[in-house]
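Here is what each chain is made of, one letter per residue.
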Number of protein chains: 2
Amino acid sequence: MGEFELLAEIRKRLPAPGPHVRLGSGDDAAIVVPNRATATSVDALVDGVHFRRERASLAQIGRKALAAALSDLAAMGAAPGEAYVVLGVPGDLDEAGCLELLDGMVEVAAETETTLAGGDVTRAPGLTVAVTVVGHADDPGDLIRRDGARPGDLLVVTGELGAAAAGLLLLDHDDRHTGGSAEAALIARQLEPRARLEAGQALARAGATAMIDVSDGLGGDAVHLARASGVHLEIDADTLPLAAGVAEVAAASGCDPLELGIGGGEDYELLATLPPAALDRAAAGVGEAEGLTLTAIGRVDAGDGVEIRLPGGGNAAPGGFDQLG
Amino acid sequence: MGEFELLAEIRKRLPAPGPHVRLGSGDDAAIVVPNRATATSVDALVDGVHFRRERASLAQIGRKALAAALSDLAAMGAAPGEAYVVLGVPGDLDEAGCLELLDGMVEVAAETETTLAGGDVTRAPGLTVAVTVVGHADDPGDLIRRDGARPGDLLVVTGELGAAAAGLLLLDHDDRHTGGSAEAALIARQLEPRARLEAGQALARAGATAMIDVSDGLGGDAVHLARASGVHLEIDADTLPLAAGVAEVAAASGCDPLELGIGGGEDYELLATLPPAALDRAAAGVGEAEGLTLTAIGRVDAGDGVEIRLPGGGNAAPGGFDQLG
């Protein structure tokens, strides 16, 4: 099967295009009729850097590549629109493997009503998946940036933290399995994360002033948000919503559960700021949209930097416990 | 220099964003306010597949990656808007090298008024540059697809053919240099192609019915256009506008110059169909916009497939002379 035949086979598997798409894959470019504003982001996953082929199925790699890209749209409060995919294919991945990866991506596209509107397939020395996603909004002012946090705002986070990092520990270390019932869910959070697209739109509607997705780790992403907004963030570590099973995996690994919750990346939850009066509406919206909790974990002050108050009374560095003196 | 520092350095080098861009690189996503329609395409270049690092400067690789992506927008008749770049960086490419590559891309962005609005930098086993480009149009009907060619239309091509293939032969074979004055220009066409963005918009305004860029080679791209439009294309080989010096390089290589003109890829000229009455306006528009010639090289009939009539009276296969019986 040559490149053109593979592309033809890929096109056959694509679901029907969404309402904005006038011309999908197969021409020089896709034609889209947006609303007044778009949010566009690109994200790449490379074998050996962001995933390991021996640990995840090809369908899971496809799912994660699209979900990780869509998470950036969630963090803008955008409605998902189109995705454009570059697949770099190494010599040991055959066409059936490419299609299995694509099938995982098509599943996430269908779940999120995202149109796979174009792409490029090329040989590459290692499996590479780069995904550009375009989201839509009625107005550019409806999209939530990182730079709008104001002193007095609350800091909130969707869902639960530390799950993806705990799942990675379980995948990396066979000896840390505790047999707990939550382990499969933790591994799924690592291998098949979900973009909080509906929660992001609910937070935007409720009046979020700044938002970012938790991809690098809560502490690091809080630093990005604080820096962009020019504010100080104070986080109460004892309020962090750690996922079920994180404490057990941390114990088996000899680390503090908060290390996974603060320093662990790839949870793809949303970290947002909003006025205190908007909290109830935001929590209700996030719960209705995705059945997720919304937890107030801190507050915004004038100043700069991020301070994480530990239950015992000390402070943790935002980068996680590794950086503690 | 870590990833975040490199990204900060990259952002410093970006020119001011264009009129559609409300928020450029640095947040979860760029915010853009399009006109009524967008054209979006993605294109990836990989070391050892699409270029060789030992043959091209890093700036040239950056230039070509963006130009090749923009060529797809040219083929839609879209005005260039934004580009989003994934840079996969191997261990032997340092930060200075990344910035040199980016500088090449910034040059092309400035020349074409394209905004580099986002990106992702990651480690990778081989240098990989994936570029997503978004172009703008006032209306989706203004964008020219591959599928609109009608019997009775003329087939036209911008500029000159065979230059990039001849340049590649010169780069590949030191012994084929003839010392002719055109050689540097041929090599430049291979290493630093230009997207015919203004010519594409001029052809769209003049009433082009179908359009594609010549990236795979005139013959192969004609097949794509014929298949999408459901028509037969007849090309008169003796009308093909071969670039200066192509005949000499072909002679030194022991091949027919038409082989380079028909089978050689990466010229990034535009192949279009239009009603005969639109030819003069189209040629004037292309000439005014970019100083390029527009050459009628054949016609559209009912039927299917592509027929290339050779000067001597025979036919060539669209894939080039390699496929001739």
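Owing to the predicted nature of the structure, the values given are computational and were not obtained by experimental measurement.

Basis of the calculations
- Residues numbered from 1 in each chain as written.
- Chains lettered and ligands numbered in written order.
- Predicted model: local features only at pLDDT ≥ 70, side-chain atom pairs only at ≥ 80, totals over all residues.
- Heavy atoms only, no water.
- Buried < 20%, exposed > 50% of the residue type's maximum accessible area, 1.4 Å probe, protein only.
- Helix = DSSP H or I, 4+ residues; strand = E, 2+ residues; numbered from the N terminus.
- Contact = heavy atoms within 4.5 Å.
- Salt bridge = Lys/Arg side-chain N within 4 Å of Asp/Glu carboxyl O.
- Polar contact = N/O pair within 3.5 Å; in protein donor to acceptor, adjacent residues only side chain to side chain.
- Least-squares fit on C-alpha atoms with pLDDT ≥ 70 in both.
- Pairing = 2+ DSSP bridges.

Help me out: how do you make sense of helix 5 (residues 183-191) of chain B in this one?
Every α-helical turn comprises 3.6 residues, leaving residues that sit three or four positions apart pointing alike. Taken together, the buried positions of helix 5 of chain B are Glu183, Leu186, Ile187, Arg189, Gln190 and Leu191 of chain B. Those residues of helix 5 of chain B that are buried are in contact with helix 2 (58-74), helix 4 (163-172) and helix 8 (246-253) of chain B.

How do you make sense of the interface of chain A and chain B when you look at a structure like this?
One frequent convention defines the size of an interface as the accessible area lost when the parts assemble. Counting from both sides, the interface comprises 51 residues of chain A and, opposite them, 51 residues of chain B. In this structure, the connection of chain A to chain B is made through four salt bridges. Note that Asp28 of chain A is salt-bridged to Arg146 of chain B, the shortest N-O span being 3.1 Å. The tally of links between chain A and chain B comes to 15 residue pairs in polar contact (both at pLDDT 80 or more). Looking at the side of chain A that touches chain B, the elements that each hand over two or more residues are strand 1 (21-23), strand 2 (30-32), strand 3 (37-46), helix 2 (58-74), strand 4 (79-89), strand 5 (115-123), strand 6 (128-137) and strand 8 (210-213) of chain A. Sorting elements by how many residues they give to the side of chain A that touches chain B places strand 3 of chain A first, with nine residues.

What exactly am I supposed to notice about the relation of the copies chain A and chain B here?
For the match of chain A to chain B, the screw axis carries a shift of 0.0 Å, the RMSD comes to 0.0 Å, and the turn is 180°. Read as a symmetry element, the transformation amounts to a two-fold axis. Measuring from the rotation axis to each C-alpha of chain A, the shortest distance belongs to Pro125 of chain A, at 3.1 Å. Mapped onto chain B, 100% of the interface residues of chain A again fall at the interface, so both copies present the same surface.

Can you walk me through the pairing of strand 9 (residues 232-236) of chain A in this structure?
Two faces, one strand: in a regular strand the side chains alternate between the faces of the sheet. Residues and elements named next belong to chain A. By the criterion of burial, strand 9 is predominantly enclosed, with five of the five residues buried. With burial as the criterion, each face of strand 9 is covered, one bearing His232, Glu234 and Asp236 and the other bearing Leu233 and Ile235. Bridge count between strand 9 and strand 11 (residues 294-301): four bridges; the pairing is antiparallel. Looking across to strand 11, one finds that Ile235 is bridged to Gly298. Relative to strand 12 (residues 306-309), strand 9 is paired through four bridges, and the arrangement is parallel. Among the inter-strand pairings, Leu233 is bridged to a residue of strand 12, identified as Val306.

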